[in-house]
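# Understanding the architecture of this molecule
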Amino acid sequence: EAQVTQNPRYLITVTGKKLTVTCSQNMNHEYMSWYRQDPGLGLRQIYYSMNVEVTDKGDVPEGYKVSRKEKRNFPLILESPSPNQTSLYFCASSPGASPYNEQFFGPGTRLTVL
Amino acid sequence: GNSVTQMEGPVTLSEEAFLTINCTYTATGYPSLFWYVQYPGEGLQLLLKATKADDKGSNKGFEATYRKETTSFHLEKGSVQVSDSAVYFCALSAYNFNKFYFGSGTKLNVKP
């Protein structure tokens, strides 16, 4: 089944404790992206990747890191989480950066930073 | 810059009522426009899209027309069902298609 998977689905952590949220897709998509969803703000793009080893900032990259060493994986790293990073996070993938390509979203990761 | 503005919700309708959710945008160049739907506890799914002015996207009875002159992409459905209850997001992709911008979402509640 074609899908985007994220792990963990739920995470409660404390300020300053490094964490990684994994994202994997099995559709051989070139484009991958991370978003955070907050009430009243919709989805905001954190980082995106056009292909392996090619990443760029979205609108809200501060406090986050990403890497794209393999085509299928695009982990989101929070080196020193803070409470304002408490949010619902979505990973998405797309065949490529084209207006004809829809994005496929993962199920989301709900992160709470205490 | 690029941005999307949606009408605030929640929108509450009775089954078989007509639905309109307003969406307007500001963008550099000629963006593509999308409507995504999010059912409770799930990720977003593409509902419909339009890639150039005057295009009409349609799916599952929903429609939206890309209006360049009014910079709008309003979502409509003639007769909503309880199963349409969800959060709807309007979005655009920037001219180079690398970045996406989403509206704040509109929650739709349909009552039997």
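Placed above this text is the structure.
First, a word on scope: everything that follows refers to the structure included in this document.

Conventions and cut-offs
- Starting afresh in each chain, residues are numbered from 1 along the sequence in its written order.
- Labels follow written order: the first chain is A, the first ligand is 1, and so on.
- Given that the model is predicted, a residue must reach a pLDDT of at least 70 before its local features are reported, and side-chain atom pairs must reach 80 or more before they are shown or counted; all residues, however, enter totals for whole chains, interfaces and linings.
- Based on all heavy atoms of the structure, the side-chain values leave hydrogens and waters out of the count.
- The way it works is that DSSP assigns letters per residue, a run of H or I at least four long becomes a helix, a run of E at least two long becomes a strand, and they are numbered from the N terminus.
- Based on C-alpha atoms, the radius of gyration is set beside the globule rule, defined as 2.2 Å times the residue count to the power 0.38.
- When accessible area is computed with a 1.4 Å probe and restricted to protein chains, residues below 20% of their type maximum are described as buried, those above 50% as exposed, and intermediate ones as partly exposed.
- The contact criterion used throughout is that any non-hydrogen atoms of two residues lie within 4.5 Å.
- Note that accessible areas follow from Shrake-Rupley with a 1.4 Å probe, and for residues the cover is restricted to the protein chains shown.
- For the purpose of counting charges, residues Lys and Arg are taken to be positive, whereas Asp and Glu are taken to be negative. His and the chain ends are not included.
- The atoms used to mark charge sites are NZ of Lys, CZ of Arg, CG of Asp and CD of Glu.
- Any two strands with at least two DSSP-identified bridges between them are counted as paired.
- Buried area counts how much accessible surface, traced with a 1.4 Å probe, disappears from two parts once they are put together, with both parts' losses summed.
- Any carboxyl oxygen of Asp or Glu that lies within 4 Å of a side-chain nitrogen of Lys or Arg is treated as forming a salt bridge with it.
- Distance and chemistry together define a polar contact, namely a pair of N or O atoms within 3.5 Å, with one atom able to donate a hydrogen and the other to accept it when in protein, and with adjacent residues in sequence counting only for side-chain atoms on both sides.
- Aromatic rings from Phe, Tyr and Trp, taking only the six-membered ring of Trp, are treated as a pair when their centres fall within 6.5 Å; an angle between ring planes under 30 degrees marks them as stacked, one over 60 as edge-to-face, and anything in between as tilted.

## Details of the overall build of chain A
- Each helix and strand counted, chain A has zero helices and eleven strands in total.
- The order of helices and strands in chain A, counted from the N terminus, is β-β-β-β-β-β-β-β-β-β-β.
- At 13 Å, chain A has a C-alpha radius of gyration in line with the 13 Å of a compact globule built from 114 residues.
- Here chain A holds 114 residues, and the buried ones make up 50% of them.
- In chain A, the proportion of contacts linking residues at least 24 apart, taken out of those at least 6 apart, comes to 53%.
- For chain A, the exposed surface amounts to about 5400 Å²; the carbon and sulfur share of it is 51%.
- Mean positive and mean negative side-chain charge positions of chain A (12 and 10 charges, respectively) differ by 7 Å.

## A word on unusual backbone geometry
- A cis geometry characterises the amide bond from Asn 7 of chain A onward to Pro 8 of chain A, with omega recorded as -5°.
- With an omega dihedral of 0°, the bond running from Gly 9 of chain B to Pro 10 of chain B counts as a cis peptide bond.
- Looking at the secondary structure, you find Pro 10 of chain B in the loop between strand S1 (3–6) and strand S2 (11–14).
- In this model, Glu 53 of chain A sits at a positive phi of 70°, which is unusual for a non-glycine residue.
- Turning to its location among the elements, Glu 53 of chain A is positioned in the loop between strand S5 (42–51) and strand S6 (54–57).
- Here the phi dihedral of Thr 71 of chain B falls at roughly 40°; this positive angle occurs in a residue that is not glycine.

## Some points on the sheet that holds strand S8 (residues 76–78) of chain A
Residues and elements named next belong to chain A.
- Spatial ordering of the open sheet is given by S1-S3-S8-S7, a layout of four strands whose pairing is antiparallel. Looking along the sheet, the strands with just one partner apiece sit at the ends: strand S1 (4–7) and strand S7 (65–66).
- Where strand S3 (residues 19–25) lies against S8, three bridges are found, and the strand directions are antiparallel. Each residue of the ladder has a partner; that of Leu 19, found in S8, is Leu 78.

## Some words on the interface of chain B and chain A
- Across the boundary between the two partners, chain B contributes 21 residues, which contact 25 residues of chain A.
- When the two sides are added together, the surface that chain B and chain A hide from each other amounts to roughly 1800 Å², 54% of it contributed by carbon and sulfur.
- Along the contact surface separating chain B from chain A lie one salt bridge.
- For the pair chain B and chain A, the interface holds four residue pairs in polar contact (both at pLDDT 80 or more).
- Every element with two or more residues in the side of chain B that touches chain A is listed here: strand S5 (32–38), strand S6 (44–50) and strand S11 (100–102) of chain B.
- By residue number, the principal contributor to the side of chain B that touches chain A is S5 of chain B, which donates four residues.

## Thoughts on the packing of aromatic side chains
- Evaluation of the coordinates by the stated rule reveals 13 aromatic pairs over all chains.
- Summarising the aromatic geometry, the rings of Phe 105 of chain A and Tyr 36 of chain B are spaced 5.5 Å apart at their centres and angled 80° between planes, so their arrangement reads as edge-to-face. Separated into two different chains, Phe 105 of chain A in strand S10 (residues 104–105) and Tyr 36 of chain B in strand S5 make up a pair that spans both.
- Of the residues examined, Tyr 36 of chain B reaches a relative accessible area of 0% and is grouped as buried.
- Taken together, a centroid distance of 5.8 Å and an interplanar angle of 50° make the contact between Tyr 36 of chain B and Phe 102 of chain B tilted. A residue pair is termed long-range when its members are at least 10 positions apart, and Tyr 36 of chain B in strand S5 and Phe 102 of chain B in strand S11 qualify at 66 residues.
- One aromatic cluster is present, built from ring pairs that chain together Tyr 31, Tyr 35, Tyr 48, Phe 90 and Phe 105 of chain A together with Phe 34, Tyr 36, Phe 100 and Phe 102 of chain B.

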